[in-house]
Amino acid sequence: MKKTLLVFFFICTVHAVNAQIIKSKLDLVVGLSAREYFHAGARYQYAEIAQAGIYFGNDLELNASELITTFCIDNMVHFGKHSFYSNRPVWYARQGYTYLKNRASANETKKYSYIDLSAGRDFAFNDWLGLNIDIGFMVQFREKTEKNASTTTSVNNTLHTLPLARLQFYVSF
């Protein structure tokens, strides 16, 4: 009886492990994007076809007169054919929020808020390394300018639409 229970337990465990859809749940990400600049962060797969991500970025001070930093959170919903390596669908729709802070000079700082909407494809090279590319648009819904010398603040809530392109490499754990 004990051997039968042990074999039953072993078979159930093997099937439970093989039936799991998600091979890895956490992706560490580095990338380059229009309006997110150079960024790094993490994505967590919280459902069979959905991932949530958080990223921090900056312009690496390419222009010495300004410093740009970004913060982004997003949600990716995957669909289509499953990838052999990642075992999640290769196509995705992405929705997100990006906050950008631009210190244009010692006396002026501009802050922008964007809603990101894009679609893309995930290319998994093996079980732990991949690349994703997406294109879409960003809707700027807030621009705030702060001038330190006179302590004045102006807010512009006019909607602007900007193009979005993003390339990311990821390592899965």
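None of these values were measured; they are calculated from a predicted model.

Draft legend 1. Main features of the confidence of the model for the protein. Of all residues in the protein, 84% have pLDDT values of 70 or greater, and the mean over the chain is 85. Per-residue pLDDT stays below 50 along residues 3-10; that stretch engages in zero contacts with residues further than four places along the chain or on separate chains. In the model, residues 12-22 has pLDDT below 50 throughout and makes seven contacts with residues more than four positions away in sequence or in other chains.

Draft legend 2. Summary view of the pattern of salt bridges. Scanning all chains against the criterion turns up 10 salt bridges. The salt bridge partner of D27 is R88, with a shortest N-O separation of 3.0 Å. With D27 in strand β1 (residues 26-33) and R88 in the loop between β4 (67-82) and β5 (89-105), the pair connects residues that are 61 residues apart, well separated along the chain. Look at R88 and you get buried, because its relative accessible area is 2%. Where D122 meets R88, a salt bridge forms, and the shortest distance between an N and an O atom there is 3.5 Å. Residue D122 is found in strand β6 (residues 108-124), and its partner R88 is found in the loop between β4 and β5; the two are separated by 34 residues along the sequence.

Draft legend 3. Structural view of the nonpolar core. One finds I68, L100, Y112, Y114, M138 and L164 forming the largest nonpolar core, which totals six residues. Residues V29, C72, A124 and Y170 belong to the second largest nonpolar core, which totals five residues.

Draft legend 4. Representation of a nonpolar patch on the surface within the structure. Taken together, V30, F123, F125, I133, L167 and F169 make up a surface patch of nonpolar side chains, about 500 Å² in accessible area. The topology assignment puts F169 in strand β9 (residues 160-172). Looking at F169, the relative accessible area reads 42%, which means it is partly exposed.

Reading the values: rules and limits
Residues numbered from 1 in each chain as written. Predicted model: local features only at pLDDT ≥ 70, side-chain atom pairs only at ≥ 80, totals over all residues. Heavy atoms only, no water. pLDDT = per-residue confidence, 0-100. Contact = heavy atoms within 4.5 Å. Salt bridge = Lys/Arg side-chain N within 4 Å of Asp/Glu carboxyl O. Helix = DSSP H or I, 4+ residues; strand = E, 2+ residues; numbered from the N terminus. Buried < 20%, exposed > 50% of the residue type's maximum accessible area, 1.4 Å probe, protein only. Core = buried A, V, L, I, M, F, W, Y, C linked by side-chain atoms within 4.5 Å. Patch = residues over 30% accessible without salt bridge, like charges linked within 9 Å, V, L, I, M, F, W, Y side chains within 5 Å. Areas by Shrake-Rupley, 256 points an atom, 1.4 Å probe, with all protein chains shown as cover.

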